[in-house]
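The residues making up each chain are set out below.
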Amino acid sequence: MEKVGKYQFMAEPFHCDFSGRLFMGHLGNHLLNAADFHSTDRGFGMKYLMTIKRSWVLSRLAIEIEEMPSQYTKFNVETWVESAMRYFTNRNFCISDDAGKVYGYGRSIWAMIDTESRQPTDILAIHDGAINQWIESEKSCPIDKGGRVRMSDKAEYVNTISTHYNDVDINGHINSVKYIEHVLDLWPLDWYREHQMRRFEIAYVAEAHAGDSLSFYREEVASEEYCVRIIRTDGTECCRSKVKFL
């Protein structure tokens, strides 16, 4: 089995926005599915981890896109583990078609948690560190890693939403991709008629659960580049995001 996994998806029409291009949230879902397919095939995926009360959780995600796939387009997501440490692993992505056209790249950081204590647990303890045999450090992923999303106290309050059944994932907390969708809803439809998303970053800090309210604060840090802070009901910061438009 190769170190790099390659999985085909399609930009289904009901997963596309008004322009006929794939929603960023659905692209995020495809990346996470590819990560699960890759890790499951190699013995350290969710299917096995749930039997030992462990789970992967996404810590950081950065996606840089030249062009979103259009409706009915078939595309591939390649994914590979760049490095693995005791508590975190770096996983990369390449989105392309069969002809070699590259739509974009992704970088992610994952932690493994104990599903009962919700605390980080040793990744290298799984099958005596078997993840190390799948590390591919030579394959290029030519985008910047997600850095710290820095915001000042001048961030403007934009909106508060409630969370419900459809926001919750298999780990029992608000789904990683739902945060992406909620962040991108902070801009009106007309904004997207004039702007193309170039890069999206998100860093997850704390869990939120069904019934929590999420409040969004936004700050423009450069021309058409914005940072977003998300605060749950009790005042705890759940995550931060950075979005760059063209």
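What comes next concerns the included structure. Remember, it's a predicted structure, so these values are computed and weren't measured experimentally.

Residues Met-24, Leu-27, Trp-56, Phe-75, Tyr-179, Trp-187 and Phe-200 are the most contacted members of the largest nonpolar core, which totals 58 residues. Aside from chain neighbours lying at most four places away, what touches Phe-75 is Tyr-7, Gln-8, Phe-9, Met-10, Ala-11, Leu-22, Leu-27, His-30, Pro-69, Ile-95, Ser-96 and Tyr-103. Counting residues in each nonpolar core, the second largest holds five residues, with Trp-80, Tyr-105, Cys-141 and Ile-143 among its members.

For the structure shown, the criterion picks out 17 salt bridges. Ionic pairing is found between Arg-21 and Glu-67, a salt bridge with its closest N-O pair at 2.8 Å. Note that Arg-21 is positioned in the loop between β1 (5-10) and α1 (24-41) and Glu-67 in the loop between β2 (54-65) and β3 (74-84), a separation of 46 residues in sequence. Looking at Arg-21, the relative accessible area reads 30%, which means it is partly exposed. Relative accessible area serves as the criterion here: at 27%, Glu-67 is assigned to the partly exposed category. It is possible to trace a salt-bridge network through shared partners that takes in Glu-64, Glu-66, Arg-198, Arg-199 and Glu-201.

Moving on to the environment of Met-151. Along the chain, Met-151 falls in the loop between β5 (102-114) and β6 (156-162). In the structure, Met-151 is positioned 75 residues away from Tyr-226 in sequence and 9.5 Å away in space, judged by C-alpha atoms.

Let us now look at the packing of aromatic side chains. A full pass over the atoms with the stated rule returns eleven aromatic pairs. On the numbers, 5.9 Å between centres and 70° between planes, the contact of Tyr-192 with Phe-245 is edge-to-face. Of this pair, Tyr-192 sits in helix α4 (residues 189-194) while Phe-245 is found in strand β10 (residues 237-245), placing the two residues 53 residues apart along the sequence. When its relative accessible area of 2% is taken as the criterion, Phe-245 is described as buried. Site record: aromatic cluster; members linked through ring pairs are Trp-187, Trp-191, Tyr-192, Tyr-226 and Phe-245. Over the aromatic face of Trp-187 sits the side chain of Arg-218, whose NZ or CZ is 5.1 Å from the ring centroid.

The next thing to look at is the sheet that holds strand β8 (residues 213-222). Sheet architecture is open: ten strands sit in the order β1-β3-β4-β5-β2-β7-β10-β9-β8-β6, paired in antiparallel fashion. Two strands close off the open sheet at either side, each with one partner strand: β1 and β6. The sheet shows a mean angle of 25° between the axes of neighbouring strands, direction not considered. Note: β2 against strand β7 (residues 197-204), five bridges, orientation antiparallel. Counterpart to Glu-64 in the pairing with β7 is Arg-199. Sheet strands in contact with α1 are β1, β2, β3, β4 (88-96), β5 and β7, and its direction is about 145° off that of β1. Its contacts with the sheet place helix α3 (residues 176-184) against β2, β6, β7, β8, β9 (225-232) and β10, and it is angled at close to 130° to β7.

What counts as what
Residues numbered from 1 in each chain as written. Predicted model: local features only at pLDDT ≥ 70, side-chain atom pairs only at ≥ 80, totals over all residues. Heavy atoms only, no water. Core = buried A, V, L, I, M, F, W, Y, C linked by side-chain atoms within 4.5 Å. Buried < 20%, exposed > 50% of the residue type's maximum accessible area, 1.4 Å probe, protein only. Contact = heavy atoms within 4.5 Å. Salt bridge = Lys/Arg side-chain N within 4 Å of Asp/Glu carboxyl O. Helix = DSSP H or I, 4+ residues; strand = E, 2+ residues; numbered from the N terminus. Phe/Tyr/Trp six-rings, centres within 6.5 Å; stacked < 30°, edge-to-face > 60°. Lys NZ or Arg CZ within 6 Å of the ring centre and 35° of its normal. Pairing = 2+ DSSP bridges. Axes fitted to C-alpha atoms, helices over the stretch in contact; angles between N-to-C directions.

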